[in-house]
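Spelled out, the chains give:
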Amino acid sequence: MPVTILHIVYVWPILRKLKNGRITLFLGSMIPDIEIPILAVLGYSIPRGLAHSIIGAITIDSLLAVLTARLLYSSMKVRKVLGIKNNLREDIGYLWAIASIGALSHVIIDYLHHSYNPLLWPLLPTYFEGPLTITLGYFYASLILHIVSAVILILILVYSTVKIKTSLSRLVLSPRTLYRVMVEPDF
């Protein structure tokens, strides 16, 4: 995983094109990592299972992303802090599809640099080695992907400060501005 929040940089170009359901794509790109602490607490040595598989991405991950989006949008306090004006009224099938794209992007990014990828779980109990891990080893594959992801995030933030005419510190320190840039980039 690049650090969970870094997964959004890979769906950010899609967020810019969408008009509806952006929060589900945003959440879908991060939700597979919710299983890591759960499996670790339960004592599993490989903390990736259903949520990091293709089937998990289009089922449980998408369900959790849609439910979380609805929960966030139902809270007036959250909506006020983030400056959310619209309701989440989209068709459930549309939201599910958007969440699945986000979750699948997460699974694919993780596949590139992890050793234990349960891509076809539960159909096959096989873990697949990521191509960067095969080539570079886990440490270097992970390091490179984290650096690339962090650089992309910095580029997005710098680009956004120019587009919305704000400072980097205001962007990062304001939940409303950060939400606008990372979840609903309309510029």
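In this text, all values refer to a predicted model and were calculated from it rather than measured experimentally.

Cut-offs applied
Residues numbered from 1 in each chain as written. Predicted model: local features only at pLDDT ≥ 70, side-chain atom pairs only at ≥ 80, totals over all residues. Heavy atoms only, no water. Salt bridge = Lys/Arg side-chain N within 4 Å of Asp/Glu carboxyl O. Helix = DSSP H or I, 4+ residues; strand = E, 2+ residues; numbered from the N terminus. Buried < 20%, exposed > 50% of the residue type's maximum accessible area, 1.4 Å probe, protein only. Phe/Tyr/Trp six-rings, centres within 6.5 Å; stacked < 30°, edge-to-face > 60°. Polar contact = N/O pair within 3.5 Å; in protein donor to acceptor, adjacent residues only side chain to side chain. Axes fitted to C-alpha atoms, helices over the stretch in contact; angles between N-to-C directions. Parallel < 35°, antiparallel > 145°, perpendicular 65-115°, else oblique. Contact = heavy atoms within 4.5 Å. Nonpolar A, V, L, I, M, F, W, Y, C, P; charged D, E, K, R; others polar. 1 Å grid on protein atoms, 1.4 Å probe; cavity = no way out; pocket = protein on both sides within 12 Å on 5 of 7 lines; lining within 4 Å. Points joined across faces, edges and corners; volume = space filled by probe spheres on them.

1. A short note on the pattern of salt bridges
Step number 1: Across all of its chains, the model carries one salt bridge by this definition.
Step number 2: The salt bridge involving D186 is made with R22; its shortest N-O contact spans 2.6 Å. Within this pair, whereas D186 is found in the segment after α10 (175–182), its partner R22 is found in helix α2 (residues 22–28), the two being separated by 164 residues in sequence.
Step number 3: Relative accessible area serves as the criterion here: at 5%, R22 is assigned to the buried category.

2. What to know about the packing of aromatic side chains
Step number 1: Under the defined criterion, the tally for this structure stands at five aromatic pairs.
Step number 2: Centroid distance Y116 to Y127: 5.9 Å. Interplanar angle 85°. Geometry classified as edge-to-face. With Y116 in the loop between α6 (92–113) and α7 (131–136) and Y127 in the loop between α6 and α7, this residue pair connects regions lying eleven residues apart in the sequence.
Step number 3: Classification of Y116 as partly exposed rests on a relative accessible area of 42%.

3. Digging into the side chain of S174
Step number 1: With respect to the helices and strands, the residue S174 is situated in the loop between α9 (168–173) and α10.
Step number 2: For S174, a relative accessible area of 13% puts it in the buried group.
Step number 3: There is a polar contact of 3.0 Å between the side chain of S174 and the side chain of T177.

4. As for the packing of helix α8 (residues 138–164) against α10
Helix-helix packing is described using two parameters, namely the angle between the two axes and the distance between the axes.
Step number 1: Between α8 and α10, the least distance of the axes is 10 Å, while the angle of their chain directions is 105°. When the axis of α8 is compared with that of α10, the two are roughly perpendicular. The segment α8 lies against α10, with L153, I156, L157, S160 and I164 engaging T177, L178, R180, V181 and M182.
Step number 2: Class assignment for the residues of the contact of α8 with α10 results in seven nonpolar, two polar and one charged.

5. Observations concerning the side chain of R22
Step number 1: Polar contacts involving the side chain of R22 include one to the main-chain carbonyl oxygen of L18, which spans 2.6 Å.
Step number 2: With sequence-adjacent residues up to four places away left out, R22 is seen in contact with L15, R16, V183, E184, P185 and D186.

6. Brief notes about unusual backbone geometry
Step number 1: Between W121 and P122 the backbone carries a cis peptide bond, its omega angle lying at 10°.
Step number 2: For P122, the location among the structural elements is in the loop between α6 and α7.
Step number 3: One non-glycine residue with positive phi stands out, namely K165, at about 55°.
Step number 4: Its place among the elements puts K165 in the loop between α8 and α9.

7. Some points on the environment of S45
Step number 1: Along the chain, S45 turns up in the loop between α3 (35–41) and α4 (54–74).
Step number 2: Once the C-alpha coordinates of S45 and L18 are considered, the two residues, 27 residues apart in sequence, prove to be 38 Å apart.

8. So, the layout of surface pockets
Step number 1: As a volume, the largest pocket reaches approximately 460 Å³.
Step number 2: Forming the boundary of the largest pocket are 23 residues, of which R22, G83, Y179, E184 and D186 lie nearest the centre.
Step number 3: Within the residue set of the lining of the largest pocket, elements represented by two or more residues are α2 and α10.
Step number 4: For the lining of the largest pocket, the element with the highest residue contribution is α10, accounting for four residues.
Step number 5: Here the lining of the largest pocket is built from residues that sort into seven nonpolar, seven polar and nine charged.

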